[in-house]
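Chain residues, written in single-letter form:
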Amino acid sequence: MNKKEIIETTNMTIDYESLTVLIKANGDEIKLSLNEANLLFLLYSNPNKIYTKDDVYQECWQDTSVSNSVVTQTISLLRKKFLKYDIVVIDTIKQKGYKSGDRLKTVTQKSRYYLLLPLFFLSFAALFIIYNKKESRGPIEQSLISLQPNVYMLSTSEHIDLNSIEFNPDYLYFFNKEKKHLSISICFVVDDICNNSFNKFILLDSKNKKYTNILNDVINVKIEKRKRLINNSDTYGFFNLQSNISVSSIKEEAYQAQVSYSFYFQEIAHEKYNVNRSIYISESGYHGNYTNYSDVTVNFDKSSLIAEFVNSDGQNNLIQNGYIQETEKLKIFPLRFKKLKKYNYMHFHIIDDTYSLAYNENEGFSFIVNENY
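All residue numbers refer to position in the chain's written sequence, counted from 1. In view of the model being predicted, local features appear only for residues whose pLDDT reaches at least 70, and side-chain atom pairs are presented and counted only at 80 or more, with totals across whole chains, interfaces and linings using the full set of residues. Only hydrogens and water are set aside when side-chain values are computed; all heavy atoms of the structure are taken into account.

Participant: Requested: an account of the overall build of the protein, with residues and values cited.
Facilitator: Secondary structure elements follow DSSP: runs of H or I of four or more residues count as helices, runs of E of two or more count as strands, with numbering from the N terminus. On a plain count of helices and strands, the protein comes out with six helices and 20 strands. Scored against the burial criterion, the 373 residues of the protein give a buried share of 46%. Should any heavy atoms of two residues lie within 4.5 Å, those residues are counted as being in contact. A separation threshold of at least 6 residues defines the contact pool for the protein, and within that pool the share at least 24 residues apart is 53%. Accessible area is worked out with a 1.4 Å probe on protein chains only. A residue is then buried under 20% of its type maximum, exposed over 50%, and partly exposed in between.

Now the structure itself:
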């Protein structure tokens, strides 16, 4: 890496010694971590050079015990810090890597009738708030916390005792505990990227809070290596996400379920998508399976990696192949088809270019999704 010094750009001053960035437009200072400062100095020392994720990892991280997925996580955090100043700090070059950005986001020209707009929007906002006051809200604040070099937990998770667990160094582990369930996601790492994944959703017994005895069985699951597909086509504006989840219950050991999620995103405007969503479920108590289809509108903030799902009335369609055999054994069916809220938020924590850990606020559980070409 080049000699550490102060770097002047069009919109900011990057000071390595003080680990700060001075925003020239208003004099605000942004505090940086050491790794964030290393990353910015690498990119801005050679502003026209494209660096791969491995290049950034090798140049900027002294602690090589952590996965190179920290590169994408750090870039996401940096972009979020500069978002309020409308500065594009880092550019992603598709299938190549990253380079410096240092440009302002394009601002749409205001109408000559701009003086009337505040009154219009205030009136509209007041009506909207009254109508949606019980449903409309912003997303929760959430981040991914590193417990060990290959073990992570969501910041919103309840405490999980993992001291007695022996983790496989070839896997990445992700945990999230809610009041009534525990989510465990595992990624099999080959050549520093996620090759395959496994998701486990455990329904907890509120009377018996002991669940650690089943953790070892899940942690030691064998994940098969698979041929990882590479996207060689132009998929701008289109992408598919999929996930498979195995479900079990502590209270009822005989209960089993399988859930498959598929999301097909089609961009209709900047960071706005139409999404076709299908959820396939097979579980104890249901002889057969059922699939839930819905079309929703999604506002996807790429800087924060939070997707706002906006549900409309009559969007959900249920296709059943079979019949309810034992109502008392159904777990996912009543959970999935309770009255949907109009607004739902999904958080995406990037693992690598293809895999992410997703968290669904409405249902309160996390799972690994992968982009499917």
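Read on, since the account is not over.
Participant: Can you lay out the pattern of salt bridges for me, pointing to particular residues and giving the numbers?
Facilitator: Each reported salt bridge corresponds to a side-chain nitrogen of Lys or Arg within 4 Å of a carboxyl oxygen of Asp or Glu. One pass over the structure, following the stated rule, counts four salt bridges. The partner of R103 in a salt bridge is D91, and the shortest N-O contact between them spans 2.7 Å. Within this pair, whereas R103 is found in strand β6 (residues 97-104), its partner D91 is found in strand β5 (residues 87-93), the two being separated by 12 residues in sequence. Relative accessible area serves as the criterion here: at 40%, R103 is assigned to the partly exposed category. Accessibility expressed as a relative area gives 15% for D91, which makes it buried.

Participant: I'd love a proper account of empty space enclosed by the protein, names of residues and values included.
Facilitator: Only protein atoms enter the 1 Å grid used here, on which a cavity is any set of points holding a 1.4 Å probe that cannot leave and a pocket is any open set flanked by protein within 12 Å on both sides along at least five of seven lines; residues with an atom within 4 Å of a point are listed as lining. Grid points are joined across faces, edges and corners, and a volume is the space filled by probe spheres set on the points. The tally for this structure, following the rule as stated, stands at two cavities of 30 Å³ or more. Approximately 40 Å³ is the volume attributed to the second largest cavity. Lining the second largest cavity we find S67, N68, S69, L172, V189, D192, I193, C194, I351 and D352. Side-chain classes are defined by residue name, with Ala, Val, Leu, Ile, Met, Phe, Trp, Tyr, Cys and Pro counting as nonpolar, Asp, Glu, Lys and Arg as charged, and the others, Gly among them, as polar. Of the residues assigned to the lining of the second largest cavity, the class counts are five nonpolar, three polar and two charged.

Participant: Could you give an account of the packing of aromatic side chains, with specific residues and numbers?
Facilitator: In this scheme Phe, Tyr and Trp rings, the latter by its six-membered ring, pair at centre separations within 6.5 Å, and the angle between planes marks the pair as stacked below 30 degrees, edge-to-face above 60, and tilted otherwise. Overall, the coordinates contain 16 aromatic pairs when judged by the stated rule. Taken together, a centroid distance of 6.5 Å and an interplanar angle of 55 degrees make the contact between Y261 and F365 tilted. Of the two residues, Y261 sits in strand β13 (residues 256-269) while F365 sits in strand β20 (residues 365-371), which places them 104 residues apart along the sequence. For the pair shown, Y261 and F365 are each scored as buried.

Participant: Describe the state of the cysteines, listing the residues and the values that go with them.
Facilitator: Covalent bonding between the sulfur atoms of two cysteines defines a disulfide. Here, two cysteine sulfur atoms that lie within 2.5 Å of each other are counted as a disulfide. As enumerated under the stated definition, the model contains one disulfide in all. Each disulfide pairs two cysteine sulfurs, and for C187 the partner residue is C194, the sulfurs being separated by 1.8 Å.

Participant: Explain the packing of helix α2 (residues 53-60) against helix α3 (residues 70-83) to me, and be specific about the residues and the numbers.
Facilitator: Helix axes are fitted to C-alpha atoms over the stretch in contact, other axes to C-alpha atoms as well, and angles between N-to-C directions run from 0 to 180 degrees. Relative to each other, α2 and α3 sit at 85 degrees, their axes nearing to 9 Å. With respect to their mutual orientation, α2 and α3 come out roughly perpendicular. Counted together, K53, V56 and Y57 of α2 and V70, V71 and T72 of α3 form the full contact between these two elements. By definition in this entry, angles of less than 35 degrees are roughly parallel, angles greater than 145 are roughly antiparallel, angles of 65 to 115 are roughly perpendicular, and the rest are oblique.

Participant: So, the packing of helix α1 (residues 34-45) against α2: which residues are in play, and what are the values?
Facilitator: The contact between α1 and α2 brings their axes to 10 Å, and the two run at 120 degrees. In this view, α1 runs oblique relative to α2, as classed from their interaxial angle. Note on packing geometry: the crossing formed by α1 with α2 is right-handed. Each of N35, N38, L39 and L42 in α1 lies in contact with α2, whose residues at this interface are V56, E59 and C60. Here the residues of the contact of α1 with α2 sort into four nonpolar, two polar and one charged. By the definition used in this description, the sense in which the near helix is turned from the far one sets the handedness, with an anticlockwise turn below a right angle giving left-handed and a clockwise turn giving right-handed.

Participant: Describe the environment of S185, and please don't skip the residues or the numbers.
Facilitator: For S185, the position within the fold is in strand β10 (residues 181-190). For S185, a relative accessible area of 1% puts it in the buried group. With 14 residues separating them along the chain, S185 and N199 place their C-alpha atoms 4.4 Å apart. Non-local contacts of S185, meaning those with residues more than four positions away in its chain, are made with L172, Y173, F174, F198, N199, L357, S366, F367 and I368. Separated by 2.6 Å, the side chains of S185 and N199 make a polar contact. Between N or O atoms, a polar contact is any pair within 3.5 Å; within protein, one atom must be a potential hydrogen donor and the other a potential acceptor, and residues adjacent in sequence are included only when both atoms are from side chains.

Participant: Please set out α1 residue by residue, giving values where relevant.
Facilitator: Each helix should span, by expectation, one fewer than its residue count multiplied by 1.5 Å. Spanning 12 residues, α1 covers 16 Å between terminal C-alpha atoms, matching the ideal 16 Å at 1.5 Å per step. Across the 12 residues of α1, nine count as buried, placing the element largely inside the fold. The set of residues buried in α1 consists of E36, A37, N38, L39, L40, F41, L42, L43 and Y44.

In short, geometric facts, not functional conclusions.
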